[in-house]
Protein chains: 2
Amino acid sequence: MSETEKHKSRMQRKKAVVDAAIARADEIRGIVLVLTGNGKGKSSSAFGMVARALGHDQQVGVVQFIKGAFSTGEEAFFRRLPAVRYHVMGEGFTWETQDRERDVQAAQAAFATACELMRDPAINLVVLDELNIALKYRYLEIDALIAALQARPAHQNVVITGRGAPAELIELADTVTEMGDVKHAFRAGVAAQPGIEL
Amino acid sequence: MSETEKHKSRMQRKKAVVDAAIARADEIRGIVLVLTGNGKGKSSSAFGMVARALGHDQQVGVVQFIKGAFSTGEEAFFRRLPAVRYHVMGEGFTWETQDRERDVQAAQAAFATACELMRDPAINLVVLDELNIALKYRYLEIDALIAALQARPAHQNVVITGRGAPAELIELADTVTEMGDVKHAFRAGVAAQPGIEL
């Protein structure tokens, strides 16, 4: 068999495996996706899914739990779009505010907004950006989050980002990606780049 | 010290560490960011950075190397925007085409377009989506990619996605995230969801 024929035959076998897996995955419902780990790309991945949802003419809700102190490019971009309800509730990283009471209040206000979005069947995708940080510092109770996720409309997708996702959330989630930090330009002395980090 | 005071003091120490790291990271230049691994979120992260760049009124070029057979939400979304040059060059996953020669030709045409974008100083961000797959199957030579990356305008950011990034690319990259597949809804029988996977 020539190299070309071998390639074709290998790819035919692979296609059969892929097609069978697609045929098996026939359940249609919204998922809970958790993006965690220390590597770069968690929030940007969530915002890529916002773009993807908008490409399907879906309605999207975003709540930023912590990054309120940063004016990000995504915020500037998505705020222009009527199909996105964009809420920035956090007051900045917890080492910037240095005020636990204020952080707890901001996180709980953000969570109330998140719950409204998770009760609204018109919203196809809810992004809860940096929520894991709020859970980690115990600004919010994991049980309240789990109850809201379980009660949401069946077709609604929810994406939750941030380092240190708690075990209970990973257990409940349908898809979990752990973003490993192999290398980071920042540690090599390169400033955060607009359009990449900011 | 009360719990509130302890929190404040911990966060003051953390802020000092973060601020010192930001002060050290003073080099201003474009970076090469590689998003690899088997987990979900590589392409969506790259597309989130497209949104971020657009929020800063930057010009963006996108080349999709493999996913041409899929009509993705991102494509529908970003094609509407004049600041994005969007090229879909691939003819679908290699197990769909089953034709190595055609795949090689498609990958090389895509790479020629990528090189044009990487020579254009007006483009702030270049996304080479699923390029790693083309490298893995040896549809493209890694040396040609490295030469193009090294010759690009100094302020240009390049994001490269796909499983199995080669060691030479990881070596050259400024930032590398390995997306680990902790859990995937697809394996539990849930179909790919528009707005999340598609």
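Residues numbered from 1 in each chain as written. Chains lettered and ligands numbered in written order. Predicted model: local features only at pLDDT ≥ 70, side-chain atom pairs only at ≥ 80, totals over all residues. Heavy atoms only, no water.

Novice: Please provide a residue-by-residue account of the packing of helix H5 (residues 100-119) of chain A against helix H7 (residues 142-151) of chain A, values included.
Specialist: All names here are of chain A. Running from N to C, H5 and H7 point in directions that differ by 15°, and their axes come no closer than 9 Å. On the basis of the axis angle, H5 is roughly parallel to H7. As for how H5 packs across H7, the hand of that crossing is left-handed. Contacts between H5 and H7 involve Phe111, Cys115 and Met118 from the former and Ala144, Leu145, Ala148 and Leu149 from the latter. Among the residues making up the contact of H5 with H7, the classes are represented as seven nonpolar, no polar and no charged. (Axes fitted to C-alpha atoms, helices over the stretch in contact; angles between N-to-C directions. Helix = DSSP H or I, 4+ residues; strand = E, 2+ residues; numbered from the N terminus. Parallel < 35°, antiparallel > 145°, perpendicular 65-115°, else oblique. Left-handed = near helix turned anticlockwise from the far one by under 90°. Contact = heavy atoms within 4.5 Å. Nonpolar A, V, L, I, M, F, W, Y, C, P; charged D, E, K, R; others polar.)

Novice: Describe the interface of chain A and chain B, with residues and values.
Specialist: With 85 residues of chain A at the contact, the number on the chain B side is 85 residues. Roughly 6800 Å² of surface becomes buried between chain A and chain B when both sides are summed, with 58% attributable to carbon and sulfur atoms. Applying the counting rule to chain A against chain B returns two salt bridges. When the shortest N-O distance is used, the salt bridge between A:Arg80 and B:Asp57 registers 3.4 Å. Taken together, the links from chain A to chain B amount to 22 residue pairs in polar contact (both at pLDDT 80 or more). No other element matches helix H1 (residues 3-24) of chain A, which puts 12 residues into the side of chain A that touches chain B. In terms of residue class, the side of chain A that touches chain B is made up of 37 nonpolar, 24 polar and 24 charged. As defined by bridge partners, strand E6 (residues 175-183) of chain A adjoins strand E6 (residues 175-183) of chain B across seven bridges and the pair is classed as antiparallel. (Buried area = accessible area lost by both parts, 1.4 Å probe. Salt bridge = Lys/Arg side-chain N within 4 Å of Asp/Glu carboxyl O. Polar contact = N/O pair within 3.5 Å; in protein donor to acceptor, adjacent residues only side chain to side chain. Pairing = 2+ DSSP bridges.)

Novice: Run through the pairing of strand E2 (residues 60-64) of chain A, naming residues and quoting values.
Specialist: All names here are of chain A. Counting buried positions over the five residues of E2 gives five, a clear majority of the element. What you see with E2 is no split at all: Val60, Val62 and Gln64 on one side and Gly61 and Val63 on the other are buried throughout. Pairing analysis gives five bridges linking E2 to strand E3 (residues 84-88), with the strands arranged parallel. Within E3, the residue paired with Val62 across the bridge is Tyr86. (Buried < 20%, exposed > 50% of the residue type's maximum accessible area, 1.4 Å probe, protein only.)

Novice: For the side chain of A:Arg152, give the residues involved together with the corresponding values.
Specialist: Mapped onto the elements of the fold, A:Arg152 is located in the loop between H7 and strand E5 (157-161). Although A:Arg152 lies buried, it forms no salt bridge, and the closest oppositely charged side chain, A:Asp174, sits 4.8 Å away as judged by the N-O distance. (Lys, Arg positive; Asp, Glu negative; His and termini not counted.)

Novice: Tell me about H5(A), and name the residues and values.
Specialist: For H5(A), with 20 residues, the first-to-last C-alpha span of 28 Å sits near the 28 Å given by 1.5 Å per residue. For H5(A), every residue scored as buried is listed here: A:Asp103, A:Ala106, A:Ala107, A:Ala110, A:Phe111, A:Thr113, A:Ala114, A:Cys115, A:Leu117 and A:Met118. (Expected span 1.5 Å × (residues − 1).)

Novice: Residue-level account of the nonpolar core, with values.
Specialist: By size, the foremost hydrophobic cluster in this structure holds 46 residues, and its most contacted members are A:Val50 and B:Val50. Residues in contact with A:Val50, not counting those within four places in the same chain, are A:Val60, A:Val62, A:Phe78, A:Val84, A:Leu125 and A:Val127. Judged by nonpolar contacts, the second largest core, of 35 residues, contains B:Ile123, B:Leu135, B:Tyr139 and B:Leu145. (Core = buried A, V, L, I, M, F, W, Y, C linked by side-chain atoms within 4.5 Å.)

Novice: An account of the UniProt feature "domain: Cob(I)alamin adenosyltransferase N-terminal" (unreviewed entry) in chain A is needed here, citing residue identities and associated values.
Specialist: Within this numbering scheme, the UniProt entry marks residues 1-22 of chain A as carrying the feature "domain: Cob(I)alamin adenosyltransferase N-terminal" (unreviewed entry). End C-alpha to end C-alpha, residues 1-22 of chain A measures 30 Å, and it is 91% helix and 0% strand. (UniProt positions renumbered as here; feature names shortened; annotations may be inferred.)

Novice: Go over the relation of the copies chain A and chain B, please, and point to the residues and values.
Specialist: With an RMSD of 0.0 Å, the operation that places chain A on chain B is a rotation of 180° combined with a shift of 0.0 Å along the axis. On the angle and the small slide along the axis, the relation comes out as a two-fold axis. Take the interface residues of chain A: 100% of them recur as interface residues in chain B, which is what a same-surface contact looks like. (Least-squares fit on C-alpha atoms with pLDDT ≥ 70 in both.)

Novice: Outline the sheet that holds strand E1 (residues 32-36) of chain B, supporting the account with residue identities and numerical values.
Specialist: Strand order in this open sheet of 12 strands is E3(A)-E2(A)-E4(A)-E5(A)-E1(A)-E6(A)-E6(B)-E1(B)-E5(B)-E4(B)-E2(B)-E3(B), and the pairing throughout is mixed. Of all strands in the sheet, those with a lone pairing partner are E3 of chain A together with strand E3 (84-88) of chain B, marking the two edges. Mean inter-strand twist for the sheet, computed between neighbouring axes without regard to direction, equals 15°. On the sheet, helix H2 (residues 42-55) of chain B packs against E1, strand E2 (60-64), E3, strand E4 (125-129), strand E5 (157-161) and E6 of chain B and is oriented at approximately 165° with respect to E4(B).

Novice: Tell me about H7(A), and please be specific about residues and values.
Specialist: Residues and elements named next belong to chain A. Of all the positions in H7, only Ile142, Leu145, Ile146, Ala148 and Leu149 are classed as buried. Seen from one end, H7 has its buried residues packed into an arc of 165°, which puts them on one side. Seen from the buried face of H7, the exposed residues on the opposite side, beyond 90 degrees, are Asp143, Gln150 and Ala151. Where H7 is buried, its residues meet strand E1 (32-36), H5, strand E4 (125-129), helix H6 (131-136), E5 and helix H8 (167-172). (Arc of directions from axis to C-beta.)

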